[in-house]
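Residues per chain, in single letters:
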Amino acid sequence: LKIKLKFTIKPQLDKKVIKYFLKVLPAFALAGVFIKIYNTSDTILLSYLVDDTAVGFFAVPAKIVFAFQQIVPAAFAAVIYPAFSYYYANSKEMLNKTFTKAFTYLVIISIPLSAGLAILAPEIISLVWPNYTAVIPTFLIMSLAIPFIFLAFPTGHLLNACDRQKITTFNRGVITIIAIVLNITLIPQFSYLGAGITFLVTNLILLFMDLFWVREIIDLQVYKTLKIVFKSAIASLIMVLIIIMAKLYINLLLVIPLGVLTYFVTLYTLKGFSMQELANIKKNLQA
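Description of the structure in this document. Here the residue numbering is sequential within each chain, running from 1 through the sequence in written order. Local features in a predicted model are, by the rule used here, given only for residues with pLDDT of at least 70; side-chain atom pairs are given and counted only at 80 or more, and totals for whole chains, interfaces and linings are based on all residues. Side-chain metrics in this entry use all non-hydrogen atoms of the structure; hydrogen atoms and water are not considered.

Describing the packing of helix α4 (residues 92-119) against helix α10 (residues 222-246)
At a minimum axis separation of 9 Å, α4 and α10 run at an interaxial angle of 25°. Relative to α10, the element α4 is oriented roughly parallel. When you trace α4 past α10, the crossing you get is right-handed. Residues Thr 100, Phe 103, Thr 104, Val 107, Ile 108, Ile 111, Pro 112, Ala 115, Gly 116 and Ile 119 of α4 lie in contact with α10, whose contacting residues are Lys 224, Thr 225, Ile 228, Val 229, Ser 232, Ala 233, Ser 236, Met 239, Val 240, Ile 243 and Ile 244. For the contact of α4 with α10, a count of residues per class yields 14 nonpolar, 6 polar and 1 charged. Structural elements are reduced to axes, namely lines fitted to C-alpha atoms, with helices fitted over the stretch in contact, and the angle between N-to-C directions of any two is expressed from 0 to 180 degrees. Note on conventions: DSSP H or I runs of at least 4 residues are helices, E runs of at least 2 residues are strands, and numbering of each starts at the N terminus. The cut-offs work like this: below 35 degrees is roughly parallel, past 145 is roughly antiparallel, 65 to 115 is roughly perpendicular, and the gaps in between are oblique. Note: crossing handedness is left-handed where the near helix turns anticlockwise from the far helix by less than a right angle, and right-handed where it turns clockwise. By the convention used here, residues are in contact when the closest approach between their heavy atoms is within 4.5 Å. Under this grouping Gly is polar, as are all residues other than the nonpolar Ala, Val, Leu, Ile, Met, Phe, Trp, Tyr, Cys and Pro and the charged Asp, Glu, Lys and Arg.

A look at the environment of Ile 119
Looking at where Ile 119 falls in the secondary structure, it is placed in helix α4. When near neighbours in sequence (up to four residues on either side) are disregarded, Ile 119 contacts Val 240, Ile 243, Ile 244 and Lys 247.

Considerations on the packing of aromatic side chains
Geometry of aromatic contacts follows a simple scheme: Phe, Tyr and Trp rings, the Trp one being its six-membered ring, pair when their centres are within 6.5 Å, and the pair is stacked under 30 degrees between planes, edge-to-face over 60, tilted otherwise. For the coordinates displayed, the defined rule picks out 8 aromatic pairs. With a centroid separation of 6.3 Å and 50° between ring planes, the pair formed by Tyr 20 and Phe 21 is classed as tilted. Note on Phe 212 and Trp 213: the rings are 5.3 Å apart at their centroids and 90° apart in plane angle, and the pair reads as edge-to-face. Each residue's exposure class comes from its accessible area (1.4 Å probe, protein chains only) as a fraction of the maximum for that residue type: buried when under 20%, exposed when over 50%, partly exposed otherwise. With a relative accessible area of 31%, Trp 213 lands in the partly exposed category. Through successive ring pairs, a cluster of aromatic residues spans Phe 57, Tyr 132 and Tyr 192. The ring centre of Phe 212 lies 4.3 Å from the NZ or CZ of Arg 215, which sits over that ring. Only Lys NZ and Arg CZ are tested; either one counts as a charge over a ring when it is within 6 Å of the ring centre and within 35 degrees of the ring normal.

Looking at the nonpolar core
Put simply, buried Ala, Val, Leu, Ile, Met, Phe, Trp, Tyr and Cys residues joined by side-chain atoms within 4.5 Å make one nonpolar core. One finds Leu 46, Phe 99 and Leu 158 to be the most contacted residues of the largest nonpolar core, which totals 70 residues. Among the elements that line this core, the one with the most residues is α4, at 11 residues. Leaving out residues up to four positions away in the same chain, Phe 99 has contacts with Phe 84, Pro 154, Thr 155, Leu 158, Val 214, Ile 218 and Leu 220.

Overview of the pattern of salt bridges
Salt bridge, as applied in this entry: a Lys or Arg side-chain nitrogen positioned within 4 Å of an Asp or Glu carboxyl oxygen. Counted by the stated rule, this structure contains 3 salt bridges. Between Lys 97 and Glu 93 there is a salt bridge, with its nearest N and O atoms 3.4 Å apart. Taken together, the residues Lys 97 and Glu 93, both in helix α4 and 4 residues apart, mark about one turn of the helix. A salt bridge links Asp 210 to Arg 172; the shortest N-O distance between them is 2.9 Å. With Asp 210 in helix α9 (residues 192-214) and Arg 172 in helix α8 (residues 165-190), this pair connects stretches of sequence that are 38 residues apart. In terms of burial, Asp 210 and Arg 172 fall into one category: buried.

Some thoughts on empty space enclosed by the protein
Points on a 1 Å grid over protein atoms alone make up a cavity when a 1.4 Å probe fits among them but cannot get out, and a pocket when they form an open set with protein on both sides within 12 Å along at least five of seven lines; lining residues each have an atom within 4 Å of a point. Grid points are joined across faces, edges and corners, and a volume is the space filled by probe spheres set on the points. A complete count under the given rule lists 1 cavity of 30 Å³ or more for this structure. Of the pockets and cavities examined, the largest cavity occupies roughly 40 Å³. In terms of lining, the largest cavity is formed by Tyr 38, Ser 41, Asp 42, Ala 179, Asn 183, Ala 195, Thr 198, Phe 199 and Thr 202. Only α1 (15-49), α8 and α9 provide two or more residues apiece to the lining of the largest cavity. The biggest single contributor to the lining of the largest cavity is α9, with 4 residues.

Quick look at unusual backbone geometry
Glycine aside, residues mostly have negative phi, and peptide bonds are mostly found in the trans state. Positive phi outside glycine occurs at Lys 6, with the angle close to 60°. Topologically, Lys 6 is positioned in the segment before α1. Overall, the relative accessible area of 65% leaves Lys 6 in the exposed class. At Asp 163, a position not held by glycine, the phi torsion is positive, near 65°.

Considering a nonpolar patch on the surface
Together, Leu 13, Ile 18, Leu 22 and Leu 25 make up an exposed nonpolar region whose accessible area comes to about 440 Å². Tracing the backbone shows Ile 18 in helix α1. In this structure Ile 18 comes out as partly exposed when scored by relative accessible area, which is 36%. Each patch is assembled from residues with relative accessible area greater than 30% and no salt bridge, linking like charges that lie within 9 Å and nonpolar side chains (Val, Leu, Ile, Met, Phe, Trp, Tyr) that lie within 5 Å. Areas reported as accessible are Shrake-Rupley estimates using a 1.4 Å probe. Residue values count occlusion only from the protein chains shown.

Thoughts on the packing of α1 against α8
Remark: α1 packs on α8, axes separated minimally by 8 Å, with the N-to-C direction vectors making an angle of 10°. As judged from the angle between their axes, α1 and α8 are roughly parallel. Residue composition of the contact of α1 with α8, by class: 18 nonpolar, 6 polar and 3 charged.

Considerations on the side chain of Thr 104
Mapped onto the elements of the fold, Thr 104 is located in helix α4. With a relative accessible area of 15%, Thr 104 lands in the buried category. A polar contact of 2.7 Å, which involves the side chain of Thr 104, links it to the backbone oxygen of Thr 100. Polar contacts here mean pairs of N or O atoms no more than 3.5 Å apart (in protein, one a potential hydrogen donor and the other a potential acceptor; neighbouring residues in sequence count only if both atoms are side-chain atoms).

Given below as structure tokens:
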């Protein structure tokens, strides 16, 4: 920073900036606390209410879903957060467009990913973790939560970037309480399957809670959003049918790229995206 951008490394205290940071700090800190409790309460309650074996079984689908969560939506969030913040102060029209694009791209990615993991759950678990086949139903249920997890990233970051961090914190606090209550209720009866059900329900609730407040900031363009969700769902359904037939005859490593190709060809045919959009995405990635 010193050499390339000529930044000064001398500390410079600005009372106005410090005062602002201290003002917004509690909401962000508390949100972090809620997220940490939410992310760990299921394994802690599984260990306490069942046993450590149940924790081990639950860890398999949980780690897979968490890995995808960190790869795709977290990367999107890192890019769109400063854009949200800038456009909130300077252009509400661009704020709306940026959110809609981010939301659309994550719909296009998350729905087929969710469907693919769900339909291939038996094959994936049997291939990689053959001793954990009992966790397949839990893996399937948690896979269905992926679209809600992905889409809660732009909603949460939009609220934070638009000075609504207290709402973000409140929403995460609510789902943390719901998660604890549901886990205490379901885990004694269904073990790690109960934790998986809780995971799906709480992520669904979180997304719709965020969207309730997001509509106060921007025009959600509900029709346009539902249209791309519908097209993505249709393309995913066709992909699933192809996968079901193909996995009877060819190796899993060939089924996956075939499914991906089927999905995007179908979505393109349904005009779910254009070649211009692909070119823009490629251009942005290269930049």
